[in-house]
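# Structural characterization, general
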Amino acid sequence: MTQVGIIGWRGMVGSVLLERMRAEGDFDLVRPTFFSTSQAGTAAPEVARGAGPVLDANDLEALKRMPILISAQGGEYTQAIHPRLRAAGWDGYWIDAASTLRMSESAVIVLDPVNRPVMERARRDGIRDFIGGNCTVSLMLLAVSGLMRAGLVDWITAMTYQSASGAGAQHMREYVEQMGALHRAAAPALAEAGGSILEVDRAVQSALRSEALPHAQFGVPLAASLIPWIDKDLGNGQSREEWKATAEANRILGTVGRPVPIEGICVRVGAMRCHSQALTIKLKEDRPIAEIERLIAGDNAWVRLVPNEREASIRELSPAAVSGRLEVPIGRLRKLSIGGEYLTAFTVGDQLLWGAAEPLRRTLRFLLDRLDA
Ligand code: HSE
């Protein structure tokens, strides 16, 4: 059995990865070795019975013995370790959740339901770095791949509603702490029978503006508010998260030479682990909505078309409904009154599943030649 080294398995993405690998029986296909930057020598996690003790994630010699490494340890680790491993002659497969290597010439971004031919070509060409894409980009592509594959899309605007989980585990905690603090502040006014809603609002506003509201991670309130900037400021009015849409999507699709522009504003909202996106899609030509629906719904096993009706939309097309699920629903699909080539749509996906862990475990199977379509 192929040996696989797993790094960063205690973190949020790593934990979801292990859960998914266990659920899908991936550990029956490999001999796992677990690495840690801080807890070498401890016992391996329960999910992979029989694995030896945890090894040091900074031990290049131990890492080099692995034909496949999967890292969910984060960008700093990748930056520190990956070049040294390659320089030392290691020619194994590196599967990574971090963004560090996504744009590298020697890497491919993986999202097999959308770009399996690109992954296959990369493998034939000797590419050995297989990198998970940005969560927002991967979730959007799973939803609209049918239109992209048909070559119908001229451009897309994606206005995002991104969850706290995209920022990290500590941010998720802070978001819940903020909600608790706001409720505590408003509780006396809420408890007053027939009390004034303006009293409730004043209590919430005052808590939102108070230094006592937990804000060490986000810097500002997310609960009862939103944050219209994600990731670094590129200095040209665009955030790094916004830049990723065109750059990564076209790499994933293999259309870098004739890119489909994908632009928008990325916004952090009060959701736990699902990213949502409102899309405007400019088609190259007017097509009947029934054909568009067929293309979208039939593209892959995970996209699910939600009828553009009120009940279905509010029940099935929300972070609350989609959290913890692998399917990527898309709905609110209709032609805009602007013209027959202009579509609007809304899509939601679990940022930790298809947005992070799932492409990695499926890439492992792909490299083992054990990935079903
Ligand atoms: N950058 C994303 C976010 C998550 O902040 O939501 C990881 O792709």
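Quick summary incoming for the structure in this document. Owing to the predicted nature of the structure, the values given are computational and were not obtained by experimental measurement. (Residues numbered from 1 in each chain as written. Predicted model: local features only at pLDDT ≥ 70, side-chain atom pairs only at ≥ 80, totals over all residues. Heavy atoms only, no water.)

### Section: the nonpolar core
Counting 38 residues, the largest nonpolar core has I6, F27, F34, I68, I95, F130 and L364 as its most contacted members. Only β1 (2-7), α1 (12-23), β2 (30-36), β4 (68-71), β5 (93-96), β6 (107-110), α4 (112-124) and α12 (353-367) provide two or more residues apiece to this core. Counting residues per element, this core draws most heavily on α12, at seven residues. Contact partners of F130, with chain neighbours within four places excluded, come to Y93, W94, I95, D96, V108, V110, M119, R123, T363, F366 and L367. V144, I252, I262 and I281 belong to the second largest nonpolar core, which has 34 residues in total. (Core = buried A, V, L, I, M, F, W, Y, C linked by side-chain atoms within 4.5 Å. Buried < 20%, exposed > 50% of the residue type's maximum accessible area, 1.4 Å probe, protein only. Helix = DSSP H or I, 4+ residues; strand = E, 2+ residues; numbered from the N terminus. Contact = heavy atoms within 4.5 Å.)

### Let's talk about the pairing of strand β11 (residues 274-283)
Among the 10 residues of β11, eight are classified as buried, and the element is accordingly described as predominantly covered. Looking at chain direction, strand β8 (residues 153-162) and β11 are connected through eight bridges and run antiparallel. Paired with A158 across the bridge in β11 is L279. Examined bridge by bridge, β11 and strand β14 (residues 342-350) share nine bridges and lie antiparallel to one another. Paired with I281 across the bridge in β14 is L343. (Pairing = 2+ DSSP bridges.)

### Points about the site of the ligand
Close contacts around the ligand come from N134, C135, Q162, G166, I230, E241, R268, H275 and Q351, and that covers them all. One nitrogen or oxygen atom from the main chain of G166 is found 3.2 Å from an oxygen atom belonging to the ligand. Taking H275, its side chain carries an N or O atom lying 3.0 Å from an oxygen atom of the ligand. In isolation the ligand has 250 Å² of accessible area, and contact with the protein removes 83% of it. Residues of the shell around the ligand, tallied by class, amount to two nonpolar, five polar and two charged. (Near = heavy atom within 4 Å. Polar contact = N/O pair within 3.5 Å; in protein donor to acceptor, adjacent residues only side chain to side chain. Areas by Shrake-Rupley, 256 points an atom, 1.4 Å probe, with all protein chains shown as cover. Nonpolar A, V, L, I, M, F, W, Y, C, P; charged D, E, K, R; others polar.)

### Details of the pairing of β4
Residue alternation in β4 divides its side chains into two sets, I68 and I70 and L69 and S71, and both sets are buried. Pairing between β1 and β4: four bridges, direction parallel. Looking at β4, one finds that G5 is bridged to L69. Taken together, the four bridges between β4 and β5 define a ladder with parallel strand orientation. Of the residues in β5, the one forming a bridge with S71 is D96. As a crossover connection, the stretch from β4 through helix α3 (residues 75-87) into β5 is right-handed. (Right-handed = clockwise from strand over helix to strand, strands pointing away.)

Interpretation note: all reported values are geometric properties and have no functional meaning in isolation.
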